[in-house]
Amino acid sequence: MDDAAEPTTDEGLSLAGETPALRMVSLLEFISTRDQIFTLQSLVVQTGLPKPTLHRMLQQLEGAGLLTRHSDGRHYGTGARLRRMAEDVLLNDSRQGARRMTLAQLAEEVGESCNLTAVSGNDVIYLDRVETSHPLRVHLEAGSRVPIHASASGKMIASQYGDTPRRRLLTSAQLRAFTSNTVTDPDVLDEELGSVRQVGYALDRQEYLEGLVCLAVLIPTDIGRSNQALAVQAPVIRKSIDDLVELLPVVRAAAKRMAVLNEIDRDDATASSA
């Protein structure tokens with residue numbers, strides 16, 4: 001990867017933590033919450049830590065599977081073990097009861113199945129789902145996965161991507177067709193992601209399963225970027241794409257309620273660590 005892909009630096013940024021273990025956690029948090037990949041040198045500039053110290057920390061985190069080195073041997077990103085841990089935390093959210101109540105209320109209001117999802121790697125993972133009471137429905141459990149490019153939630157979250165992860169998604173060998181409507185042309189998908197970012201919602205037009213349509217919005221955050229989406233799925237014999245778009249105000253209101261629960265979680269975590 002060329003030097004133009006290097007992240008913008010913030011000189012003097014330090015990693016919080018009174019012990020080496022906490023500084024390791026801070027380094028993981030720093031890397032995993034930024035839409036970038038890092039070299040050892042860029043991390044030295046951004047964190048202010050000595051190069052030998054950072055090199056040792058990166059080696060330990062890579063050895064534990066929490067970070068991984070890209071094929072060029074220079075750039076670091078999140079590892080499979082760290083992604084699995086993140087998935088487990090989301091799937092076992094301590095506020096699952098309140099979250100599920102919000103999903104259930106939305107499902108009852110719109111009369112269709114509703115999902116809370118997040119992106120992990122090249123997939124969208126279902127964190128929670130409430131099925132419609134209609135006999136005709138698609139059964140998907142929490143923990144189920146679908147490809148980003150064939151999912152309304154995936155496209156919604158991916159619309160926030162910066163150049164590097166966006167390029168990685170668009171050039172992935174996994175852009176395969178699941179139906180005749182699946183978008184597999186990188187240029188067309190890139191254009192759609194730009195449109196999704198502008199309008200603030202994404203659609204699945206029978207792109208993963210024939211006869212199934214979906215609308216998704218982001219769960220808002222105070223940092224301007226989110227890895228959670230709220231979605232409504234319905235068979236086309238009950239809901240058209242236009243019908244789903246008409247539900248947008250209701251879905252966005254539910255997403256804001258989800259955001260409040262997430263904010264309570266963060267406040268509780270801050271109070272516990274104080």
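Residues numbered from 1 in each chain as written. Predicted model: local features only at pLDDT ≥ 70, side-chain atom pairs only at ≥ 80, totals over all residues. Heavy atoms only, no water.

For the protein chain, an unreviewed UniProt entry supplies the name DNA-binding IclR family transcriptional regulator and the organism Brevibacterium marinum.

**Q** Explanation requested: the pairing of strand β7 (residues 212-218) in the structure shown.
**A** A regular strand carries its side chains on alternate faces of the sheet. Burial runs high along β7: 6 of the 7 residues are buried. Relative to β7, strand β6 (residues 202-205) runs antiparallel, the two sharing 4 bridges. Among the inter-strand pairings, Leu203 is bridged to a residue of β7, identified as Leu215. Connecting the antiparallel pair β6 and β7 is a turn made up of 6 residues, with Gln206 showing a positive phi of about 60°. Where β7 meets strand β8 (residues 228-235), 7 bridges bridge the pair, whose relative direction is antiparallel. Looking at β8, one finds that Val217 is bridged to Leu230. (Buried < 20%, exposed > 50% of the residue type's maximum accessible area, 1.4 Å probe, protein only. Helix = DSSP H or I, 4+ residues; strand = E, 2+ residues; numbered from the N terminus. Pairing = 2+ DSSP bridges.)

**Q** Please explain the sheet that holds strand β5 (residues 145-147) as it appears in this structure.
**A** Backbone hydrogen bonds are what pair the strands of a sheet, in a parallel or an antiparallel way. Read across the open sheet, the 6 strands follow the order β5-β4-β3-β8-β7-β6; overall the sheet is antiparallel. At either margin of the open sheet sits one strand with a lone partner, and together these are β5 and β6. With strand direction ignored, the average angle separating the axes of adjacent strands in the sheet is 30°. (Axes fitted to C-alpha atoms, helices over the stretch in contact; angles between N-to-C directions.)

**Q** Quick question: what am I supposed to make of the packing of aromatic side chains here?
**A** Any two aromatic rings considered together are summarised by their centre-to-centre distance and by the angle between their planes. Summed over all chains, the structure comprises 2 aromatic pairs. A ring pair is formed by Phe30 and Phe38, whose centres lie 5.5 Å apart and whose planes are at 45°; its orientation type is tilted. A relative accessible area of 0% places Phe38 in the buried class. (Phe/Tyr/Trp six-rings, centres within 6.5 Å; stacked < 30°, edge-to-face > 60°.)

**Q** I keep staring at the nonpolar core and nothing clicks. Help me out?
**A** In summary, soluble globular proteins display a tendency toward joint burial of nonpolar side chains. Grouped together as the largest cluster of nonpolar side chains are 25 residues, with contacts concentrated most on Leu106, Leu230 and Val251. Going through the elements one at a time, α5 (96-110), β3 (113-120), β4 (123-130), β7, β8 and α10 (248-273) are the ones with two or more residues in this core. Looking at this core, the element that brings in the most residues is α10, giving 6 residues. Those residues in contact with Val251 that lie beyond four places of it in its chain are Leu106, Leu215, Val217, Leu230 and Val232. (Core = buried A, V, L, I, M, F, W, Y, C linked by side-chain atoms within 4.5 Å. Contact = heavy atoms within 4.5 Å.)

**Q** Please explain the pattern of salt bridges as it appears in this structure.
**A** When charged atoms on two side chains of opposite charge get close, those side chains can pair. In this structure the tally under the stated criterion is 11 salt bridges. Here Glu207 and Lys155 are joined by a salt bridge, their closest N and O atoms 2.8 Å apart. Here the residue Glu207 occupies a position in the loop between β6 and β7, and Lys155 occupies one in helix α6 (residues 152-158), the gap between them amounting to 52 residues. Of the two residues, Glu207 and Lys155, neither departs from the other in class, the shared state being buried. Residue Asp190 pairs with Arg166 through a salt bridge whose shortest N-O separation is 2.5 Å. Placement of the pair is Asp190 in helix α8 (residues 186-199) and Arg166 in helix α7 (residues 163-170), with a sequence separation of 24 residues. According to the relative accessible area criterion, Arg166 is buried, its value standing at 11%. One continuous salt-bridge network, built from bridges that share partners, spans Lys155, Glu192, Arg205 and Glu207. (Salt bridge = Lys/Arg side-chain N within 4 Å of Asp/Glu carboxyl O.)

**Q** I keep staring at unusual backbone geometry and nothing clicks. Help me out?
**A** Residues other than glycine seldom take positive phi values, yet Gln206 does so here, at roughly 60°. Structurally, Gln206 is set in the loop between β6 and β7.

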